[in-house]
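# An overview of the molecular structure
Single-letter residue listing:
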Amino acid sequence: MRRILVLAGIVALALPVAAMAETSPPKIGVMNVLRAIVECSEGKQANEKFEAKRDELSSKQKEIETLQQQLKSQAATLNDDARAGLTKSITQKTTDLQRSQEDAEKEFNELRNQIFNRIGSKLAPLVQQYAKEKNFTLVLDSSSQTTQLTYVDPATDITDDIVKRYDAMQVSSTGSAPAAKPATTVTPKAPAPATKPPATTAATPKK
């Protein structure tokens, strides 16, 4: 998150401060840099990859939970060998899931940094051009904690306009619109930790 805020700050600092006549009031705009990166088509495509990986890990998690429930419900009827085999399977699958989550988190962090750097570097000149065209004196980043905005008039928010321009720029440069789901995009989150394997159930001595 710190890297995201630093990147957002760079974009904000890159915005021009136009010289205005003394009789003209300053025109100030607000942009949520983080939301622009996440909601543009390129950002949505990247988020779909994160979602697919999370779904894969979630499926493995549910498989483990099903086996744990099976072990619990059938503990009284399973013989020693079956109980030991099921417990071993749960432990192995849990270990594999934990490794997959560690790999996924590492991949997530690397891809997130790449995405924010790539999109952010293209957003900066786009916002500069927009600010000049619309005669903005200053554009603030509302997603940066350092900005500390207490109130923002929605009419001054240029985020949606910037997202539209960015997507249009991508279409003109590639010749086709990138496929992206229209649903609201949530900021990618790292995979949740795996459930710990159950303690091995002691076998009941046979009489």
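Each residue is numbered by its place in its chain's sequence as written, counting from 1. Totals for whole chains, interfaces and linings use all residues, but because this is a predicted model, local features are given only for residues with pLDDT of at least 70 and pairs of side-chain atoms are given and counted only at 80 or more. Only hydrogens and water are removed before side-chain values are computed, so all heavy atoms of the structure are retained for them.

Labels follow the DSSP assignment, with helices taken as runs of H or I lasting at least four residues and strands as runs of E lasting at least two, numbered in each case from the N terminus. When helices and strands are tallied, the protein chain shows five helices and two strands. Secondary structure elements of the protein chain occur, N-terminal to C-terminal, as α-β-α-α-α-β-α. Each residue's exposure class comes from its accessible area (1.4 Å probe, protein chains only) as a fraction of the maximum for that residue type: buried when under 20%, exposed when over 50%, partly exposed otherwise. Across the 207 residues in the protein chain, those meeting the buried criterion constitute 32%. Within the protein chain, counting contacts between residues at least 6 apart in sequence, those at least 24 apart form 88% of the total. Whether two residues are in contact is decided by their heavy atoms: any pair within 4.5 Å suffices.

Here we take up the nonpolar core. One finds Met-31, Ile-119, Leu-123, Ile-158 and Ile-162 to be the most contacted residues of the largest nonpolar core, which totals 24 residues. Ignoring anything within four residues of it in the chain, the contact list for Ile-158 reads Val-30, Met-31, Tyr-130, Phe-136 and Val-139. We call a set of buried residues a nonpolar core when its members are Ala, Val, Leu, Ile, Met, Phe, Trp, Tyr or Cys and they connect through side-chain atoms within 4.5 Å of each other. Counting nine residues, the second-largest nonpolar core is a separate cluster that includes Ile-64, Leu-78, Leu-86 and Ala-104.

The pLDDT value tells you how sure the predictor is about a given residue, anywhere from 0 up to 100. When the pLDDT values of the protein chain are averaged, the result is 78; 72% of them are 70 or greater. Confidence scores differ between elements of the protein chain, with helix 1 (residues 2-13) showing the lowest mean pLDDT of 48 and strand 1 (residues 28-31) the highest of 94. Note on residues 13-21: pLDDT under 50 across the span, and 16 contacts to partners over four residues away in sequence or across chains. The low-confidence segment residues 177-188 (pLDDT under 50) makes 23 contacts with residues lying over four places distant or belonging to another chain.

The next point concerns helix 4 (residues 80-133). Between the first and last residue of a helix there are one fewer steps than residues, each counted as 1.5 Å, and that sum is the expected span. In this model, helix 4 (54 residues) spans 77 Å end to end at C-alpha, consistent with the 80 Å of a helix rising 1.5 Å per residue. Between N or O atoms, a polar contact is any pair within 3.5 Å; within protein, one atom must be a potential hydrogen donor and the other a potential acceptor, and residues adjacent in sequence are included only when both atoms are from side chains. Measuring from the side-chain oxygen of the N-cap residue of helix 4 to the backbone nitrogen of Asp-81 gives 3.2 Å; that N-cap residue is Asn-79. The positive-phi residue at the C-terminal boundary of helix 4 is Asn-135, with phi of around 60°.

Residues Val-139 and Asp-141 line the buried face of strand 2 (residues 138-141), whereas the alternating positions Leu-138 and Leu-140 sit on a face that is not buried. The pairing criterion is simple: DSSP has to find at least two bridges between the two strands. Taken together, the four bridges between strand 1 and strand 2 define a ladder with parallel strand orientation. Counterpart to Val-30 in the pairing with strand 2 is Leu-140.

Right, let's get into the pattern of salt bridges. Salt bridge, as applied in this entry: a Lys or Arg side-chain nitrogen positioned within 4 Å of an Asp or Glu carboxyl oxygen. Under the defined criterion, the tally for this structure stands at ten salt bridges. Glu-39 is paired through a salt bridge with Arg-35; the nearest N and O atoms lie 3.0 Å apart. Of this pair, Glu-39 and Arg-35 are both found in helix 2 (residues 33-39), four residues apart, which corresponds to roughly one turn of the helix. Note that Arg-35 is salt-bridged to Asp-160, the shortest N-O span being 3.1 Å. Linking Arg-35 in helix 2 with Asp-160 in helix 5 (residues 159-174), this pair joins segments that are 125 residues apart in sequence. Overall, the relative accessible area of 25% leaves Arg-35 in the partly exposed class. Residue class for Asp-160 comes out partly exposed when judged on its relative accessible area of 45%.

A separate point is the packing of helix 3 (residues 41-73) against helix 4. How two helices pack is summed up by the angle between their axes together with the distance between the axes. To define axes, lines are fitted to C-alpha atoms, for helices over the stretch in contact only, and angles between the resulting N-to-C directions are given on a 0 to 180 degree scale. Axis separation between helix 3 and helix 4 bottoms out at 10 Å; the angle between their running directions is 170°. Judged by the angle between their axes, helix 3 and helix 4 are roughly antiparallel. Class assignment for the residues of the contact of helix 3 with helix 4 results in 14 nonpolar, nine polar and nine charged. Each angle is binned into one of four classes, with values under 35 degrees roughly parallel, values over 145 roughly antiparallel, values of 65 to 115 roughly perpendicular, and all other values oblique. When residue character is reported, Ala, Val, Leu, Ile, Met, Phe, Trp, Tyr, Cys and Pro are called nonpolar, Asp, Glu, Lys and Arg charged, and the others, Gly included, polar.

For Ser-144, the location among the structural elements is in the loop between strand 2 and helix 5. In this structure the side chain of Ser-144 is engaged in a polar contact, spanning 2.7 Å, whose partner is the side chain of Thr-146.

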